Amino acid sequence: MTVASSSNPSRATPVIAIHGGAGTLSRAHISAEQERAYHAALQQVLLAGQAVLAQGGTAMEAVCEAVRLLEDCPLFNAGHGAVFTAQATHELDAAVMDGATLAAGAVAGVSRIRNPVQAARAVMQNGQHVLMVAEGAERMAQEAGLATVEPSYFSTPARHAQLLAAQARQAGVVLDHDGAAALAGRAIDEGRKMGTVGAVALDAHGHLAAATSTGGMTNKLPGRLGDSPLIGCGTYADDRTAAVSCTGHGESFIRVAAAHDVCARMAYGGASLESATQAVVHEALPAVQGTGGLIAVDRQGNVCLPFNTEGMYRGLARVGQAPESFIYR
Ligand code: ASP
């Protein structure tokens, strides 16, 4: 899905796009009420990001604010509402990248930072390193004055039910009753849903930024990192090409360096944003059985939101226009 910018490239209207994860989605299993809840959450986040841009805020400020709100919303797999590892713990990953300077920051395997995206930004601002993990990342976040929480803050009953269901399925047994009950009627087959969140933006100064945050994949082994905190895999931004945030089966996105591949196709091959994102999502990723999608914006304000799953929670908002949100194809 591509939404072309109608404006003059030299004065492109600031725009933000967000995602709340991709996955197997069955229209039959989503109630009108659930659909409304997802759209309302997406719209609220888009309005907040749009407001930052409208006030002259930077793309980095807009994507961090959008992702912070998505982290706080239990509907999405990031921050409060993050999925569980196989040991019923939480290990969160996040990354940010500034397209103007190629500055980047990321945290991985953290379980006490309320908003991992802010910690990723703190790593970037600190400037010494790009990727910090576990306790070291948590210490840096605390030193930066960021809020910390008990790991149980991230837990929700729905995510715990998903863990039980995933574990029951792997053991080849009938779904746990609670897990089945909790899963029934959800918008997406939660066992196959990738609910990471992300945002990309173009600001009034012509700069791009990207941010991604996730709890990872349900029932993942403790210590596993996905693509989200890896610069070039799940997150990338370069003013010369595009800002990209991915969601999907992280191992595949890592293997094709998906986010950077979009920018590389544009930089080296002269591809448009649309053809670069289509090639990555519908050719490069399927070649390694990669399922998921991504959101991307270029400095002309073109926005592409492609995915190769049945659905992806997503939306965009240009300054001065009503936000638009989507779930299905
Ligand atoms: N890409 C994320 C990961 O593999 C999962 C997701 O997108 O939901 O950790």
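Described below are features of the structure shown in this document. On a predicted model such as this, the values are computed, not experimentally measured, just so you know. (Residues numbered from 1 in each chain as written. Predicted model: local features only at pLDDT ≥ 70, side-chain atom pairs only at ≥ 80, totals over all residues. Heavy atoms only, no water.)

1. Quick look at the site of the ligand
Stage number 1. Not every one of the twelve residues close to the ligand is listed here, only the nearest: Thr196, Arg224, Asp227, Thr247 and Gly248.
Stage number 2. Residue Thr196 places a side-chain N or O atom 2.7 Å away from an oxygen atom belonging to the ligand.
Stage number 3. In the environment of the ligand, an oxygen atom lies 2.8 Å from a nitrogen or oxygen atom belonging to the side chain of Thr247.
Stage number 4. Here the ligand loses 100% of its free accessible area of 270 Å² to cover by the protein chains. (Near = heavy atom within 4 Å. Polar contact = N/O pair within 3.5 Å; in protein donor to acceptor, adjacent residues only side chain to side chain. Areas by Shrake-Rupley, 256 points an atom, 1.4 Å probe, with all protein chains shown as cover.)

2. Regarding the pairing of strand 12 (residues 311-318)
A regular strand carries its side chains on alternate faces of the sheet.
Stage number 1. In terms of burial, strand 12 is largely enclosed, as eight of its eight residues are buried.
Stage number 2. By the bridge criterion, four bridges tie strand 12 to strand 13 (residues 324-328) in an arrangement that is antiparallel. What sits directly across from Leu316, in strand 13, is Glu324.
Stage number 3. Two successive antiparallel strands, strand 12 and strand 13, enclose a turn made up of five residues, where Gly320 displays a positive phi of approximately 90°. (Buried < 20%, exposed > 50% of the residue type's maximum accessible area, 1.4 Å probe, protein only. Helix = DSSP H or I, 4+ residues; strand = E, 2+ residues; numbered from the N terminus. Pairing = 2+ DSSP bridges.)

3. Things to note about the packing of helix 1 (residues 32-54) against helix 2 (residues 59-72)
Stage number 1. Here helix 1 crosses helix 2 at 160°, and the two axes come no closer than 8 Å. With respect to their mutual orientation, helix 1 and helix 2 come out roughly antiparallel. The chirality of how helix 1 crosses helix 2 is right-handed. Of helix 2, the residues touching helix 1 (which contributes Val45, Ala48, Gly49, Val52 and Leu53) are Ala59, Glu61, Ala62, Glu65, Ala66, Leu69 and Leu70. (Axes fitted to C-alpha atoms, helices over the stretch in contact; angles between N-to-C directions. Parallel < 35°, antiparallel > 145°, perpendicular 65-115°, else oblique. Left-handed = near helix turned anticlockwise from the far one by under 90°. Contact = heavy atoms within 4.5 Å.)

4. As for the state of the cysteines
Stage number 1. Summed over the entire model, instances satisfying the criterion amount to zero disulfides.
Stage number 2. Free of any disulfide, Cys263 has its nearest cysteine sulfur in Cys246, 9.6 Å distant.
Stage number 3. For Cys263, a relative accessible area of 4% translates into the label buried. (Disulfide = S-S within 2.5 Å.)

5. What about the nonpolar core?
Stage number 1. Ranked by size, the top nonpolar core spans 50 residues in total, and within it Ile16, Ile18, Phe76 and Val96 carry the most contacts.
Stage number 2. Residue contributions to this core peak at eight residues, all from helix 2.
Stage number 3. Listed in part, the 40 residues of the second largest apolar core include Val200, Ala242, Ala276 and Leu305. (Core = buried A, V, L, I, M, F, W, Y, C linked by side-chain atoms within 4.5 Å.)

6. A closer look at the side chain of Arg224
Stage number 1. Here Arg224 lies in the loop between strand 7 (208-214) and strand 8 (235-237).
Stage number 2. Arg224 sits in the buried class, given a relative accessible area of 14%.
Stage number 3. Those residues within four positions of Arg224 in sequence are excluded, and the remaining contacts are Glu91, Gly216, Met217, Gly250 and Glu251.

7. Some words on helix 8 (residues 258-269)
Stage number 1. With twelve residues, helix 8 should cover 16 Å at 1.5 Å per step; its first-to-last C-alpha distance of 16 Å lies within 8% of that length.
Stage number 2. Three or more residues of helix 8 are buried, namely Ala258, Ala259, Asp261, Val262, Cys263, Ala264 and Met266.
Stage number 3. Directly after helix 8, the chain includes Gly270, whose backbone phi takes a positive value near 70°. (Expected span 1.5 Å × (residues − 1).)

8. Side note on the sheet that holds strand 7
Stage number 1. Ordered by their spatial adjacency, eight strands build an open sheet running 5-4-3-7-6-2-12-13, and the pairing between neighbours is mixed. One side of each edge strand has no neighbouring strand; the edge strands of this open sheet are strand 5 (131-133) and strand 13. Strand-to-strand, the axes of this sheet are offset by a mean angle of 10°, without reference to chain direction.
Stage number 2. Across five bridges, strand 2 (residues 15-23) lies against strand 6 (residues 197-202) in antiparallel orientation. Within strand 6, the residue paired with His19 across the bridge is Gly198.
Stage number 3. Set on the sheet, helix 2 makes contact with strand 2, strand 3 (92-98), strand 6 and strand 7; between it and strand 6 the angle comes to about 160°.
Stage number 4. Each of strand 4 (104-110) and strand 5 is contacted by helix 4 (residues 134-143), which is oriented at about 110° to strand 5, the strand it contacts most.

9. Some remarks on a nonpolar patch on the surface
Stage number 1. Residues Val130, Leu131 and Val133 make up a contiguous nonpolar surface patch of about 220 Å² in total accessible area.
Stage number 2. Checked against the element boundaries, Val133 lands in strand 5.
Stage number 3. Residue class for Val133 comes out partly exposed when judged on its relative accessible area of 45%. (Patch = residues over 30% accessible without salt bridge, like charges linked within 9 Å, V, L, I, M, F, W, Y side chains within 5 Å. Salt bridge = Lys/Arg side-chain N within 4 Å of Asp/Glu carboxyl O.)

10. Looking at the pairing of strand 4
Stage number 1. Counting buried residues along strand 4, six of its seven residues qualify, which places the element largely inside the surrounding structure.
Stage number 2. As defined by bridge partners, strand 3 adjoins strand 4 across five bridges and the pair is classed as antiparallel. Counted as the bridge partner of Ala94 is Val107 from strand 4.
Stage number 3. In textbook terms, the turn of a hairpin is the stretch between consecutive antiparallel strands, and for strand 3 and strand 4 this stretch comprises five residues, one of which, Leu102, has a positive phi near 65°.
Stage number 4. Inspection of the sheet shows strand 4 paired to strand 5 by three bridges, in the parallel sense. Paired with Ala108 across the bridge in strand 5 is Val133.
Stage number 5. This β-α-β element, strand 4 to helix 3 (residues 116-126) to strand 5, shows left-handed connectivity. (Right-handed = clockwise from strand over helix to strand, strands pointing away.)

11. Concerning the packing of aromatic side chains
Stage number 1. Summed over all chains, the structure comprises four aromatic pairs.
Stage number 2. Note on Phe76 and Tyr313: the rings are 6.2 Å apart at their centroids and 80° apart in plane angle, and the pair reads as edge-to-face. With Phe76 in the loop between helix 2 and strand 3 and Tyr313 in strand 12, the pair connects residues that are 237 residues apart, well separated along the chain.
Stage number 3. The exposure class assigned to Phe76 is buried, which follows from its relative accessible area of 0%. (Phe/Tyr/Trp six-rings, centres within 6.5 Å; stacked < 30°, edge-to-face > 60°.)

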